[in-house]
Amino acid sequence: MTILDVRHTTIYRYRRPVRLGEHRLMLRPRDSHDLRLIETNLNFSSPASIRWIHDVFGNSIALASFTESTTQLRIESSLRLETFALKRPAFQITPEAVSYPFIYSANDRLDLGRLLDRQYPDPADRLGSWARGFVRSHPTDTLALLADLNNGVAAWVAYQSRETEGTQTPIESLDRGFGSCRDFAVLFIEAARCLGFGARVVSGYLYNPSATATGAGTTHAWADIYVPGSGWVAYDPTNGTIDSGDLIRVAVTRDISQAIPIAGSFVGAHDSYLDMIVDVTVTPERSSTAI
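Since this is a predicted model, take the numbers as computed values, not measurements.

Participant: Tell me what's going on with the pairing of strand 13 (residues 231-236), and back it up with residues and numbers.
Facilitator: Most of strand 13 sits out of view: 5 of its 6 residues are buried. Note: strand 12 (residues 219-227) against strand 13, 5 bridges, orientation antiparallel. Residue tyrosine 226 lies in a different strand from strand 13, and its bridge partner there is tryptophan 232. Connecting strand 12 to the next strand, strand 13, in antiparallel fashion are 3 residues, including glycine 229 with a positive phi near 100°. With 2 bridges connecting them, strand 13 and strand 14 (residues 241-242) associate as antiparallel partners. Looking across to strand 14, one finds that aspartate 236 is bridged to threonine 241. Turn length for the strand 13-strand 14 hairpin, with the two strands adjacent in sequence and antiparallel, is 4 residues, and the turn residue glycine 240 shows positive phi of about 70°.

Participant: Residue-level account of helix 3 (residues 142-156), with values.
Facilitator: The first and last C-alpha atoms of helix 3 sit 21 Å apart over 15 residues, in line with the 21 Å expected at 1.5 Å per residue. For helix 3, every residue scored as buried is listed here: Thr142, Leu145, Leu146, Ala147, Asp148, Leu149, Asn150, Gly152 and Val153. Structurally, the start of helix 3 carries an N-cap: the backbone nitrogen of leucine 143 is 3.2 Å from a side-chain oxygen of aspartate 141.

What counts and what doesn't
- Residues numbered from 1 in each chain as written.
- Predicted model: local features only at pLDDT ≥ 70, side-chain atom pairs only at ≥ 80, totals over all residues.
- Heavy atoms only, no water.
- Buried < 20%, exposed > 50% of the residue type's maximum accessible area, 1.4 Å probe, protein only.
- Helix = DSSP H or I, 4+ residues; strand = E, 2+ residues; numbered from the N terminus.
- Pairing = 2+ DSSP bridges.
- Expected span 1.5 Å × (residues − 1).
- Polar contact = N/O pair within 3.5 Å; in protein donor to acceptor, adjacent residues only side chain to side chain.

Take a look at the structure:
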């Protein structure tokens, strides 16, 4: 196990005082068999009242309301959590799904629902054709296909950090040949859905013990693929990893637009907004030991 401290600071700056609207924060992980939340703190530079809810996916959401005008909003989230590296054997997959193509069970298809559906238009079948290019034969090995697709995203698209809001469409990522971690995740997910896999977006943080991973020092996005017999398996095309223990899951959603860590509004002149600064650190507790 490893005990980690996660500090996520976001600062919004305005040219003149503005009235803040409600802010929606998706910053608190859920306890699971591979993660235990020990302590959490959420602080604002402006007085705020907080209401907690669970969204349609079961994610923990904080809704913050403000009463005072301000020229700066500072949001500080700190987490202390324990992660457990699962020493499970090679992926266990049901016999029916070992070879691709396969069909999910009736219950799985019903429950996966929209997670099987493509979210972006592809009128010329550009993405579909690209995704099918990773299918080596019929039938082919399911896990090898997913691994090839995971590596293929990074081989096709160069990583480029981007602070601006929004996400490229899969076609834009293919055409431009570069993207951020969220662009990588969306391209992988949409390609996997083209091939019939149930997929979802995962947002959270990346622990970088070797100082070689891409996407550390900020929020991170990757993909979960539903593999019968193994359940949800994490694929991080940005770093080419599968089921990595360095990924700290905060939230899961159908679409990347639903996985924004902090979203809010303000009332003021159109040129009031100056900029946003985000700083994320993930550090191990000195006394913790990975086993």
